[in-house]
Amino acid sequence: MVTRWGICSAGRICHDFMVALKTLPTEDHQAVAVASRDPSRARDFAERHEIPKSYGSYEELAKDPNKLLDIFSGSNQKLLLINSSEKSLNILSLGGGVLLDVGCYCLQFVCMVYNGEKPESIHASGFLTEKGVDETVTIILKYSRKRMAMVTVTMANQLPNQAIISGVNGTITVPGYMWCPTSLVVNGNVEEFPLPAPSQPLNFTNSLGLRYEAEEVRQCLQKGLKECPQLTLADSELIMTMMDEVRRQVGVIYTQDTC
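Quick look at the structure, then.

Cut-off values and rules
- Residues numbered from 1 in each chain as written.
- Predicted model: local features only at pLDDT ≥ 70, side-chain atom pairs only at ≥ 80, totals over all residues.
- Heavy atoms only, no water.
- Salt bridge = Lys/Arg side-chain N within 4 Å of Asp/Glu carboxyl O.
- Helix = DSSP H or I, 4+ residues; strand = E, 2+ residues; numbered from the N terminus.
- Buried < 20%, exposed > 50% of the residue type's maximum accessible area, 1.4 Å probe, protein only.
- Contact = heavy atoms within 4.5 Å.
- Patch = residues over 30% accessible without salt bridge, like charges linked within 9 Å, V, L, I, M, F, W, Y side chains within 5 Å.
- Areas by Shrake-Rupley, 256 points an atom, 1.4 Å probe, with all protein chains shown as cover.
- Phe/Tyr/Trp six-rings, centres within 6.5 Å; stacked < 30°, edge-to-face > 60°.
- Pairing = 2+ DSSP bridges.
- Axes fitted to C-alpha atoms, helices over the stretch in contact; angles between N-to-C directions.
- Expected span 1.5 Å × (residues − 1).
- Core = buried A, V, L, I, M, F, W, Y, C linked by side-chain atoms within 4.5 Å.

**Digging into the pattern of salt bridges**
Counted according to the given criterion, the structure contains 6 salt bridges. Close ionic contact of Glu50 with Lys22 constitutes a salt bridge, the shortest N to O distance being 3.7 Å. Separated by 28 residues along the polypeptide, Glu50 in the loop between helix 2 (39–49) and strand 3 (53–55) and Lys22 in the loop between helix 1 (12–21) and strand 2 (29–35) bring together distant segments of the chain. The class of Glu50 is exposed, set by a relative accessible area of 66%. A salt bridge links Lys53 to Asp64; the shortest N-O distance between them is 3.7 Å.

**Observations regarding the side chain of Ser57**
Along the polypeptide, Ser57 turns up in the loop between strand 3 and helix 3 (58–62). Under the relative-accessibility criterion, Ser57 is labelled buried at 18%. Apart from residues lying up to four places away in sequence, Ser57 is in contact with Ala35 and Ser36.

**Let's talk about a nonpolar patch on the surface**
A cluster of nonpolar residues, Tyr105, Tyr177 and Trp179, forms a patch on the protein surface that exposes about 320 Å² of accessible area. Within the secondary structure, Tyr177 is located in the loop between strand 9 (170–174) and strand 10 (183–186). For Tyr177, a relative accessible area of 39% gives the class partly exposed.

**A short note on the packing of aromatic side chains**
Tallied over the entire structure, the rule returns 3 aromatic pairs. Seen from their ring centres, Tyr114 and Tyr143 are 4.1 Å apart, and the 25° between their planes marks the pair as stacked. A residue pair is termed long-range when its members are at least 10 positions apart, and Tyr114 in the loop between helix 4 (98–113) and strand 5 (121–128) and Tyr143 in strand 6 (residues 134–143) qualify at 29 residues. Exposure remark for Tyr114: the relative accessible area of 14% places this residue in the buried category. In this structure Tyr143 comes out as buried when scored by relative accessible area, which is 2%.

**Re unusual backbone geometry**
Not every positive phi belongs to a glycine, and Ser9 is a case in point at roughly 120°. Within the secondary structure, Ser9 is located in the loop between strand 1 (3–8) and helix 1. For Ser9, a relative accessible area of 10% corresponds to the buried category. A positive phi is found at Tyr177, a non-glycine position, where the angle reads about 50°.

**Focus: the pairing of strand 10**
Every other side chain in a regular strand lies on the same face of the sheet, so the side chains alternate between the two faces. Only one face of strand 10 is covered, namely the one carrying Ser183 and Val185; the face carrying Leu184 and Val186 has none of its residues buried. Summarising the sheet, strand 9 and strand 10 pair through 2 bridges and their orientation is antiparallel. Its bridge partner lying in strand 10, Thr173 is registered against Val185. In terms of strand pairing, strand 10 meets strand 11 (residues 189–192) through 4 bridges, oriented antiparallel. Bridging from a neighbouring strand, Val186 pairs with Asn189 of strand 11. Between strand 10 and strand 11, which pair antiparallel and follow one another directly, the connecting turn spans 2 residues, one of which, Asn187, has a positive phi of 50°.

**Digging into the sheet that holds strand 7 (residues 147–154)**
Backbone hydrogen bonds hold the strands of a sheet together, and the pairing may be parallel or antiparallel. If you trace the 3 strands from one edge of the open sheet to the other, you get 5-6-7, paired in antiparallel fashion. Edge positions in the open sheet fall to strand 5 and strand 7, since each of these has one partner strand only. Neighbour-to-neighbour, the strand axes of this sheet turn through a mean angle of 10°, independent of strand direction. Both strand 5 and strand 6 contribute to a ladder of 8 bridges, which runs antiparallel.

**With respect to helix 6 (residues 233–250)**
Given a rise of 1.5 Å per residue, 18 residues ought to cover 26 Å, and the 26 Å separating the end C-alpha atoms of helix 6 matches this to within 8%. Directly beyond the C-terminal end of helix 6, a positive phi value near 100° is found at Gly251.

**Considerations on the environment of Met240**
Tracing the backbone shows Met240 in helix 6. Judged by its relative accessible area of 4%, Met240 falls in the buried class. Note: C-alpha distance between Met240 and Leu107 (133 residues apart in sequence) is 9.2 Å.

**Looking at the nonpolar core**
The biggest cluster of nonpolar side chains holds 31 residues, and the ones touching the most others in it are Leu107, Ile139, Leu141, Met243 and Val246. For this core, the secondary structure elements donating two or more residues are helix 4, strand 5, strand 6, strand 7 and helix 6. Considering each element in turn, this core owes the most residues, 9 residues, to helix 4. Other than its neighbours up to four places away in sequence, Leu107 contacts Leu99, Ile139, Leu141, Ile239, Met242 and Met243. Among the nonpolar cores identified, the runner-up in size contains 18 residues, and Val19, Leu21, Leu24 and Leu210 belong to it.

Interpretation note: all reported values are geometric properties and have no functional meaning in isolation.
Listed below in C-alpha coordinates is the structure:
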(Lines give C-alpha, C1' and ligand atoms only; values in the text may rest on other atoms or scores of the structure.)
Protein backbone atom coordinates (compact mmCIF):
# COMPACT_ATOMS: atom_id res chain seq x y z
CA MET A 1 0.00 0.00 0.00
CA VAL A 2 1.29 3.44 -0.90
CA THR A 3 2.19 5.89 1.87
CA ARG A 4 0.43 9.19 1.11
CA TRP A 5 2.14 12.32 2.40
CA GLY A 6 0.62 15.69 3.21
CA ILE A 7 3.26 18.41 3.29
CA CYS A 8 2.60 20.98 6.01
CA SER A 9 4.46 24.14 4.92
CA ALA A 10 6.13 25.24 1.70
CA GLY A 11 9.48 26.10 3.24
CA ARG A 12 13.02 25.19 2.25
CA ILE A 13 13.28 21.95 4.20
CA CYS A 14 9.95 20.81 2.73
CA HIS A 15 11.38 21.41 -0.73
CA ASP A 16 14.36 19.23 0.12
CA PHE A 17 12.07 16.57 1.58
CA MET A 18 10.10 16.46 -1.64
CA VAL A 19 13.28 16.11 -3.72
CA ALA A 20 14.35 13.26 -1.42
CA LEU A 21 10.92 11.63 -1.63
CA LYS A 22 11.19 11.55 -5.43
CA THR A 23 14.20 9.24 -5.12
CA LEU A 24 11.96 6.52 -3.61
CA PRO A 25 9.58 4.27 -5.58
CA THR A 26 6.31 6.03 -6.47
CA GLU A 27 4.40 2.87 -5.64
CA ASP A 28 5.61 3.30 -2.03
CA HIS A 29 5.56 7.09 -1.48
CA GLN A 30 3.34 9.82 -2.91
CA ALA A 31 2.85 13.44 -1.85
CA VAL A 32 -0.81 14.22 -2.52
CA ALA A 33 -1.32 17.61 -0.83
CA VAL A 34 0.56 20.62 0.50
CA ALA A 35 -0.57 23.43 2.80
CA SER A 36 0.75 26.89 3.58
CA ARG A 37 -0.72 29.93 5.30
CA ASP A 38 -0.04 31.69 1.99
CA PRO A 39 -2.23 30.01 -0.68
CA SER A 40 -0.03 31.26 -3.51
CA ARG A 41 3.05 29.67 -1.97
CA ALA A 42 1.18 26.41 -1.61
CA ARG A 43 0.11 26.52 -5.27
CA ASP A 44 3.65 27.29 -6.45
CA PHE A 45 5.06 24.51 -4.30
CA ALA A 46 2.48 22.04 -5.59
CA GLU A 47 3.26 22.95 -9.19
CA ARG A 48 7.00 22.68 -8.69
CA HIS A 49 6.74 19.25 -7.07
CA GLU A 50 3.78 17.88 -9.04
CA ILE A 51 1.52 17.60 -6.00
CA PRO A 52 -2.18 17.27 -6.93
CA LYS A 53 -3.69 19.45 -4.18
CA SER A 54 -2.74 22.67 -2.42
CA TYR A 55 -4.40 24.30 0.58
CA GLY A 56 -4.23 27.79 2.06
CA SER A 57 -4.45 26.59 5.66
CA TYR A 58 -3.26 23.68 7.73
CA GLU A 59 -6.82 23.04 8.88
CA GLU A 60 -7.83 22.29 5.29
CA LEU A 61 -4.97 19.83 4.98
CA ALA A 62 -6.03 18.12 8.20
CA LYS A 63 -9.55 17.68 6.76
CA ASP A 64 -8.33 16.20 3.46
CA PRO A 65 -10.45 13.10 2.72
CA ASN A 66 -7.35 11.04 1.97
CA LYS A 67 -5.66 9.32 4.88
CA LEU A 68 -2.54 11.43 4.87
CA LEU A 69 0.64 11.25 6.86
CA ASP A 70 1.44 14.89 7.63
CA ILE A 71 5.01 16.07 7.90
CA PHE A 72 5.49 19.31 9.79
CA SER A 73 8.69 20.88 8.54
CA GLY A 74 8.33 24.64 8.67
CA SER A 75 11.34 26.92 8.96
CA ASN A 76 11.03 27.30 12.73
CA GLN A 77 9.67 23.88 13.58
CA LYS A 78 11.54 20.96 15.08
CA LEU A 79 10.41 17.55 16.20
CA LEU A 80 11.01 18.59 19.82
CA LEU A 81 9.65 21.66 21.51
CA ILE A 82 11.43 24.44 23.38
CA ASN A 83 11.53 22.55 26.68
CA SER A 84 10.44 19.18 27.99
CA SER A 85 7.13 20.56 29.28
CA GLU A 86 6.46 22.73 25.88
CA LYS A 87 12.78 28.47 17.75
CA SER A 88 15.32 32.49 15.42
CA LEU A 89 18.87 31.68 16.40
CA ASN A 90 19.66 34.86 18.37
CA ILE A 91 16.19 35.71 19.67
CA LEU A 92 15.47 34.40 23.15
CA SER A 93 11.69 34.64 22.85
CA LEU A 94 11.77 32.39 19.77
CA GLY A 95 13.84 29.68 21.40
CA GLY A 96 17.15 30.93 20.03
CA GLY A 97 20.55 29.52 20.89
CA VAL A 98 23.04 27.02 19.56
CA LEU A 99 21.90 24.19 21.83
CA LEU A 100 18.40 23.95 20.39
CA ASP A 101 19.70 24.67 16.89
CA VAL A 102 22.46 22.06 16.55
CA GLY A 103 23.18 20.77 20.05
CA CYS A 104 20.11 18.55 19.95
CA TYR A 105 21.67 16.54 17.08
CA CYS A 106 24.86 16.03 19.07
CA LEU A 107 23.00 14.84 22.16
CA GLN A 108 20.88 12.57 19.97
CA PHE A 109 24.12 11.04 18.64
CA VAL A 110 25.33 10.46 22.21
CA CYS A 111 21.98 8.94 23.12
CA MET A 112 22.27 6.57 20.13
CA VAL A 113 25.80 5.50 21.08
CA TYR A 114 24.79 4.77 24.67
CA ASN A 115 21.51 3.12 23.65
CA GLY A 116 19.25 5.54 25.48
CA GLU A 117 21.01 5.28 28.82
CA LYS A 118 20.55 8.20 31.17
CA PRO A 119 23.86 9.85 32.15
CA GLU A 120 24.86 9.77 35.79
CA SER A 121 25.83 13.44 35.68
CA ILE A 122 25.86 16.41 33.31
CA HIS A 123 28.32 19.30 33.53
CA ALA A 124 27.92 22.23 31.13
CA SER A 125 29.65 25.56 30.65
CA GLY A 126 29.42 28.21 27.97
CA PHE A 127 28.98 31.78 26.84
CA LEU A 128 25.79 33.73 26.19
CA THR A 129 25.24 36.48 23.65
CA GLU A 130 24.22 39.98 24.75
CA LYS A 131 20.63 38.89 24.04
CA GLY A 132 20.82 36.04 26.52
CA VAL A 133 20.97 33.04 24.19
CA ASP A 134 23.70 30.41 24.29
CA GLU A 135 26.50 31.12 21.80
CA THR A 136 29.00 28.41 22.78
CA VAL A 137 28.39 25.40 25.02
CA THR A 138 30.60 22.51 26.12
CA ILE A 139 28.93 19.51 27.78
CA ILE A 140 30.51 16.61 29.66
CA LEU A 141 28.26 13.61 30.30
CA LYS A 142 29.32 10.89 32.72
CA TYR A 143 27.92 7.38 32.24
CA SER A 144 28.16 4.12 34.13
CA ARG A 145 31.20 1.86 33.83
CA LYS A 146 33.64 4.77 33.49
CA ARG A 147 32.27 5.99 30.16
CA MET A 148 31.99 9.62 29.11
CA ALA A 149 30.81 11.81 26.26
CA MET A 150 31.94 15.35 25.42
CA VAL A 151 30.07 17.76 23.17
CA THR A 152 30.99 21.27 22.03
CA VAL A 153 28.69 23.44 19.91
CA THR A 154 29.04 27.07 18.88
CA MET A 155 27.63 29.65 16.50
CA ALA A 156 30.68 31.90 16.94
CA ASN A 157 32.92 30.05 14.48
CA GLN A 158 33.13 26.97 12.25
CA LEU A 159 33.93 23.68 14.00
CA PRO A 160 34.92 20.41 12.23
CA ASN A 161 31.38 18.97 12.65
CA GLN A 162 32.87 15.57 13.40
CA ALA A 163 31.84 12.82 15.79
CA ILE A 164 34.28 10.25 17.18
CA ILE A 165 33.46 7.06 19.08
CA SER A 166 36.48 5.52 20.83
CA GLY A 167 36.50 2.21 22.69
CA VAL A 168 38.73 -0.73 23.58
CA ASN A 169 38.25 -2.27 20.12
CA GLY A 170 38.99 0.83 18.06
CA THR A 171 37.58 4.10 16.78
CA ILE A 172 34.68 5.09 14.56
CA THR A 173 34.83 8.58 13.06
CA VAL A 174 32.00 10.42 11.37
CA PRO A 175 34.28 12.72 9.37
CA GLY A 176 31.96 15.64 8.69
CA TYR A 177 28.33 16.76 8.83
CA MET A 178 27.79 14.26 11.62
CA TRP A 179 24.03 14.87 11.58
CA CYS A 180 23.77 13.81 7.91
CA PRO A 181 26.90 11.79 7.05
CA THR A 182 27.63 9.85 3.87
CA SER A 183 30.75 8.06 5.14
CA LEU A 184 32.28 6.44 8.21
CA VAL A 185 35.90 5.74 9.08
CA VAL A 186 36.19 2.51 11.10
CA ASN A 187 39.69 1.89 12.43
CA GLY A 188 41.11 3.81 9.49
CA ASN A 189 38.97 2.08 6.85
CA VAL A 190 36.55 4.37 4.98
CA GLU A 191 33.02 3.17 4.24
CA GLU A 192 30.98 5.27 1.81
CA PHE A 193 27.19 5.61 1.77
CA PRO A 194 26.54 7.83 -1.27
CA LEU A 195 23.23 9.55 -1.87
CA PRO A 196 21.53 9.59 -5.28
CA ALA A 197 21.74 12.68 -7.46
CA PRO A 198 18.99 15.24 -6.71
CA SER A 199 16.47 16.15 -9.39
CA GLN A 200 16.43 19.78 -8.19
CA PRO A 201 18.85 22.04 -6.30
CA LEU A 202 18.81 21.54 -2.52
CA ASN A 203 18.86 24.05 0.33
CA PHE A 204 20.69 22.00 2.94
CA THR A 205 23.72 19.72 2.97
CA ASN A 206 23.00 16.05 2.25
CA SER A 207 19.29 16.57 2.76
CA LEU A 208 18.54 13.78 0.30
CA GLY A 209 19.18 11.66 3.37
CA LEU A 210 15.60 12.54 4.36
CA ARG A 211 14.70 9.62 2.07
CA TYR A 212 15.88 7.29 4.84
CA GLU A 213 13.56 8.93 7.35
CA ALA A 214 10.60 8.72 4.96
CA GLU A 215 11.22 5.04 4.32
CA GLU A 216 11.64 4.33 8.03
CA VAL A 217 8.25 5.94 8.69
CA ARG A 218 6.73 3.70 6.03
CA GLN A 219 8.33 0.59 7.50
CA CYS A 220 7.10 1.46 11.00
CA LEU A 221 3.56 2.03 9.73
CA GLN A 222 3.54 -1.28 7.90
CA LYS A 223 4.59 -3.02 11.11
CA GLY A 224 1.91 -1.23 13.12
CA LEU A 225 4.47 0.65 15.20
CA LYS A 226 3.71 4.01 16.81
CA GLU A 227 7.35 4.99 17.28
CA CYS A 228 10.68 4.30 15.64
CA PRO A 229 12.73 1.68 17.52
CA GLN A 230 15.93 3.57 16.60
CA LEU A 231 14.68 6.80 18.23
CA THR A 232 11.90 6.16 20.68
CA LEU A 233 9.66 8.66 22.45
CA ALA A 234 11.62 7.89 25.61
CA ASP A 235 14.82 8.84 23.78
CA SER A 236 13.26 12.14 22.71
CA GLU A 237 12.19 12.87 26.28
CA LEU A 238 15.68 12.04 27.56
CA ILE A 239 17.31 14.39 25.03
CA MET A 240 14.98 17.21 26.04
CA THR A 241 15.65 16.59 29.74
CA MET A 242 19.40 16.71 29.07
CA MET A 243 19.04 19.99 27.14
CA ASP A 244 16.92 21.48 29.92
CA GLU A 245 19.66 20.70 32.43
CA VAL A 246 22.38 22.13 30.15
CA ARG A 247 20.39 25.35 29.69
CA ARG A 248 19.87 25.59 33.44
CA GLN A 249 23.60 25.33 34.10
CA VAL A 250 24.54 27.79 31.34
CA GLY A 251 21.83 30.24 32.35
CA VAL A 252 19.45 30.28 29.38
CA ILE A 253 15.84 30.78 30.49
CA TYR A 254 12.89 30.83 28.10
CA THR A 255 9.46 32.20 28.90
CA GLN A 256 8.10 28.68 28.54
CA ASP A 257 10.28 27.54 31.46
CA THR A 258 8.21 29.62 33.89
CA CYS A 259 4.76 28.72 32.52
